[in-house]
Amino acid sequence: MDIQALRHQQMMRAKEIIRTDDFEVMPPRLIAGADVGFEQGGDVTRAAIVILEYPSLKPVEFKLARIATQMPYIPGFLSFRETPALLQAWSQLELKPNLLYVDGHGISHPRRLGIASHFGLLVDTPTIGVAKKRLCGEYMPLDAGPDACQPLHHKDEQIGWVWRSKARCNPLFISAGHRISHDTALQWVKNVMAGYRLPEPTRWADAIASRRPAFLRWQQDNRITGL
C-alpha cells in the first residue's frame, strides 16, 4: 500500500471540497444517513444508506451493500477503505437526497478529507460529518448540559464543532463534509434531532446496518422484506 500516494490524493481532493453553502434544494425534501461497518473480522465492508423525508424524518428507502474489503485499516486513511461500499449502496438508491449525513468526519481530519468529505465529493452532494469521537483538533471544555457547544480547531483553523446533543451523553463532532459551511452543518444536525444522541439520519443508518430492534419494527410495520 503506497501511503505517500494516498496522502497526496487526500491533499489534492481536499482542495476540491466546497466549504460554503451550495444547495440545489433548501430546505431539503429528502435527507440521507450513511453508516459503514465491518464483518467477518474486517474481511467484509458493510455500508447502509437510508433516505428520510424532511421534515417528518420518516424513512422511505434504504439500501445495504456488502463487499469484500479492499484495503486494510490504516489510521487517517479510512475513507479509502469505506467509500467503495458506500458507492455501491448509493448506486442502488431510487431516490437521491438533497442533504447527506455521514457517520464520520468531514474536514475535521488531519488533511481535511474524512469519510464525509471524501464521499460527499464523490457523489457531489451537500454532506455533513457526524462523528462520535475526535480524530484531531482541540476544543475548550463543554458545559455539562445539553446544547453545550465549542468550536474545534486544528492548526489555527476551525475544522468543526463539538456539540453535546443530549444531557449525560458524550458530545458529537460535527464538521462540514462538502458543499456546506460550518454553521449550516451544525444547524442542520440540530434540525434533525428527535431526542436521541445521534441525528435521525445516522441513527437510522446505524439501525439498518446493525439490524437493531427499531429498524426491525419499522420493517415489519411497513411490510418491507429483504435487504
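Residues numbered from 1 in each chain as written. Predicted model: local features only at pLDDT ≥ 70, side-chain atom pairs only at ≥ 80, totals over all residues. Heavy atoms only, no water.

- By the naming in an unreviewed UniProt entry, the chain is Endonuclease V, taken from Izhakiella capsodis.

## What about the UniProt feature "binding site: Mg(2+)" (unreviewed entry) in the chain?
Then, number 1: Per the UniProt record, "binding site: Mg(2+)" (unreviewed entry) is found at Asp35 and Asp103. Despite a sequence span of 69 residues, these residues sit close together in the fold, their greatest C-alpha distance being 5.3 Å.
Then, number 2: Summarising the element assignment, Asp35 is placed in strand β1 (residues 30-39).
Then, number 3: Residues contacting Asp35, with those up to four places away along its chain left out, are Arg46, Ala47, Ala48, Leu86, Asp103, Ala205, Asp206 and Ala209.
Then, number 4: Within the element layout of this structure, Asp103 appears in strand β4 (residues 99-103).
Then, number 5: Judged by its relative accessible area of 18%, Asp103 is buried.
Then, number 6: With near-sequence residues (within four places) excluded, Asp103 lies in contact with Ala34, Asp35, Ile115, Val130, Lys132 and Thr202. (UniProt positions renumbered as here; feature names shortened; annotations may be inferred. Helix = DSSP H or I, 4+ residues; strand = E, 2+ residues; numbered from the N terminus. Contact = heavy atoms within 4.5 Å. Buried < 20%, exposed > 50% of the residue type's maximum accessible area, 1.4 Å probe, protein only.)

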